[in-house]
Each structure stands twice: as structure tokens, then as C-alpha cells.
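Inside the fold
The chain contents come next:
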Amino acid sequence: AAAVAACCLVGAAADAGEREFKAIPAAESFTGYVLTEGLDMPWEILWGPDGNLWVTERMGKRVTRVDPRTGAKKLVGEIPDAFAGPQHEGVLGMAFGPDFSGGANRDVYVYYTLKDGDKRWGRIVRFEYDAGTEKFGPQHIVIDNLPAGDDHNGGRLRVGPDRKLYLTIGEQGHNQFGNACLPIEAQRIPNVCDVEWKNYNAYRGKTLRLNHD
């Protein structure tokens, strides 16, 4: 996926002699090159304000930055408490704070899943990126105990034009395969008691909008 995302820029870089890239098959009118390898199940790929590709590695439980000119990789941060199951679990979505490119504010938001025994849940955290060390600082939890499952966790994270955080939570594979007896809850709206008691079960299959704190 990283190769496809960067193919045009990488092709120009290769022509400039910065590095030779291995060509790959691509649809007509496109030229594809292998930009980098060894990513452990990449999930989110974003163009960073610094001109690099930022990648979450679902199974690798980390965030990696890739130079689109050379393919060089740099570890930005690790999330060791994430649970990386065989399907759609681990370090998933990522979003830059709305003021990331402003210099002082370098917040990066990440969504990942956790597991303790039979309990699975999701969490949004905020990292402050240190431009000096090019690493994440300590994580700060934005919201915890969101519903998660062993399949279809979604986990896409974006900052909207209203500067709010948006998170998609998948239906988690309910009503299919090993989860065939679990109901799809995408149409069930949380009630007042659910909100007051922080019962997030009805958030499956929803898009959430949150404040940054």
C-alpha cells in the first residue's frame, strides 16, 4: 500500500538518482515501485505535515515514519499494551492534531485495541511528538473502554473541519462466523443512562465525534 501511495513521488526520486527502487506490476498509466518493506501489517498511512509517510503497524504495535524519497524507516513510537489479534486488532487509526504543523502543538491521536482475558476494548490516546528526538512522548488517554471484538473493529480516526475527533467503530463481526449469535447494534442508539454510566456497548457500528480532551 505504501508503494502505491508514493509511486509518483518515488518514481521522480528514482529518476533523480536518490535510490534505485524495485519495480512492481501496476495498472496502465501508473508505474509502481517498492518504497519500503518489513512493515508488520500496516493499517493507516498518512502524509505527515513534515512531508513523510506516517504508518501504523497493526501487528507491530508501533508507528513508523517513512521517507518517501529514500524509503528509509524511522520508529516514532511503540504501543506495547495494544493487543494485536489475527484480524482487525492492534494499532489501527491515527490522526494529526489540527494544529500539528503550527510548531508548538504536535499532538498525534492513535486508536488501538486491548485484551485482558475474555475482555476486549478500544482506546484513543494522544501523544505529543517531540521534533527534537523524533519520538512520541508519554500517551494520554482520551477515552477508554470502547467496545471491541475479534473482527471488524474499524478504527479509522480523523480530525473534522469542526476540529473534533471522529472515530469509526466497526460492527465487530456480529452476525457472522463465530460471532453469528451476537446482534448487530448499529441501529441501537445509546440512552441517557448509557451515557451517564459510560456504558459504551451501543457504540458498535457507529461513528463517534469527540472533543480532543
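This report concerns the structure included in the present document. (Residues numbered from 1 in each chain as written. Predicted model: local features only at pLDDT ≥ 70, side-chain atom pairs only at ≥ 80, totals over all residues. Heavy atoms only, no water.)

As for the overall build of the chain
Heads up, the rule is: Here a strand is any run of E in DSSP of at least two residues, a helix any run of H or I of at least four, and the numbering for each starts at the N terminus. We call two residues contacting when some pair of their heavy atoms lies within 4.5 Å. Reported accessibility uses the Shrake-Rupley method at a 1.4 Å probe radius. Residues are deemed covered only where the shown protein chains occlude them.
The number of helices and strands found in the chain is three helices and 14 strands. A sequence separation of at least 24 residues applies to 48% of the contacts in the chain between residues at least 6 apart. Accessible surface computed for the chain: about 11100 Å², of which carbon and sulfur atoms make up 51%.

Some words on the sheet that holds strand β4 (residues 53–57)
Strands belonging to one sheet form pairs held by backbone hydrogen bonds; the direction of such a pair is parallel or antiparallel. To keep things clear, this is the line we draw: DSSP calls a pair of strands paired once it identifies at least 2 bridges connecting them. Orientation is described by axes fitted as lines to C-alpha atoms, over the contacting stretch for helices, and by angles from 0 to 180 degrees between their N-to-C directions.
Read from one edge to the other, the open sheet built from four strands follows the order β3-β4-β5-β6, with strand pairing classed as antiparallel. A strand with exactly one partner marks an edge of an open sheet, and here the two such strands are β3 (42–47) and β6 (73–78). Strand after strand, the sheet turns through a mean of 25° between neighbouring axes, direction not considered. Examined bridge by bridge, β4 and strand β5 (residues 62–66) share five bridges and lie antiparallel to one another. Looking across to β5, one finds that V55 is bridged to T64.

With respect to the sheet that holds strand β12 (residues 154–159)
Spatial ordering of the open sheet is given by β12-β13-β14, a layout of three strands whose pairing is antiparallel. In the strand order of this sheet, the two ends are held by β12 and β14 (207–210), each with one partner. Taken over all neighbouring pairs, the strand axes of this sheet differ in orientation by 20° on average, direction set aside. Judged from the four bridges that link them, strand β13 (residues 165–169) and β14 form a sheet pairing that is antiparallel. If you follow L165 over to β14, its bridge partner there is L210.

Some details on the environment of L208
As a reminder, the rule being used: Burial status follows relative accessibility: with a 1.4 Å probe on protein chains alone, a residue under 20% of its type maximum counts as buried, one over 50% as exposed, and anything between as partly exposed.
By secondary structure assignment, the location of L208 is in strand β14. The buried category is assigned to L208, whose relative accessible area is 11%. Through-space distance from the C-alpha of L208 to that of L165 is 8.0 Å; in sequence the pair is 43 residues apart. Not counting the four nearest positions on each side in its chain, L208 is found in contact with L146, L165, Y166, L167, I169 and Y203.

Considering the nonpolar core
Put simply, the rule is: In plain words, nonpolar cores are sets of buried Ala, Val, Leu, Ile, Met, Phe, Trp, Tyr and Cys residues tied together by side-chain atoms within 4.5 Å.
Residues W54, V108, V110 and F136 are the most contacted members of the largest nonpolar core, which totals 19 residues. Among the elements of the structure, β7 (91–96), β8 (107–116) and β9 (119–130) are those that each provide at least two residues to this core. Those residues in contact with V110 that lie beyond four places of it in its chain are I79, V91, G93, M94, R123, I124, V125, F127 and L157. Among the nonpolar cores identified, the runner-up in size contains 16 residues, and Y109, L167, Y203 and L208 belong to it.

Comments concerning the pattern of salt bridges
Pairing is possible between side chains that carry opposite charge, provided their charged atoms lie close to one another. The condition is simple: When a carboxyl oxygen of Asp or Glu is within 4 Å of a side-chain nitrogen of Lys or Arg, the pair counts as a salt bridge.
One pass over the full model with this rule turns up 16 salt bridges. The salt bridge involving E37 is made with K22; its shortest N-O contact spans 4.0 Å. Of the two residues, E37 is situated in the loop between β2 (32–33) and β3 and K22 in the loop between α2 (7–15) and β1 (23–24); the sequence distance between them amounts to 15 residues. Since its relative accessible area comes to 52%, E37 is described here as exposed. The class of K22 is exposed, set by a relative accessible area of 51%. D67 is paired through a salt bridge with R69; the nearest N and O atoms lie 3.3 Å apart.

Here's the deal with the environment of D130
The test is simple: Counted as a polar contact is a pair of N or O atoms within 3.5 Å, where, for protein atoms, one must be capable of donating a hydrogen and the other of accepting one, and residues adjacent in sequence contribute only when both atoms are in side chains.
By the element assignment, D130 lies in strand β9. A residue is classified by how much of its surface remains accessible, and D130, at 38% relative accessible area, is partly exposed. Spatially, the C-alpha atom of D130 lies 7.5 Å from that of R106, the residues being 24 residues apart in sequence. Side-chain polar atoms of D130 contact the backbone nitrogen of G132, separated by 2.7 Å.

Some remarks on the environment of D194
Mapped onto the fold, D194 is located in helix α3 (residues 192–196). For D194, a relative accessible area of 8% puts it in the buried group. Among all residues touching D194, those that are not within four sequence positions of it are R188 and N199.

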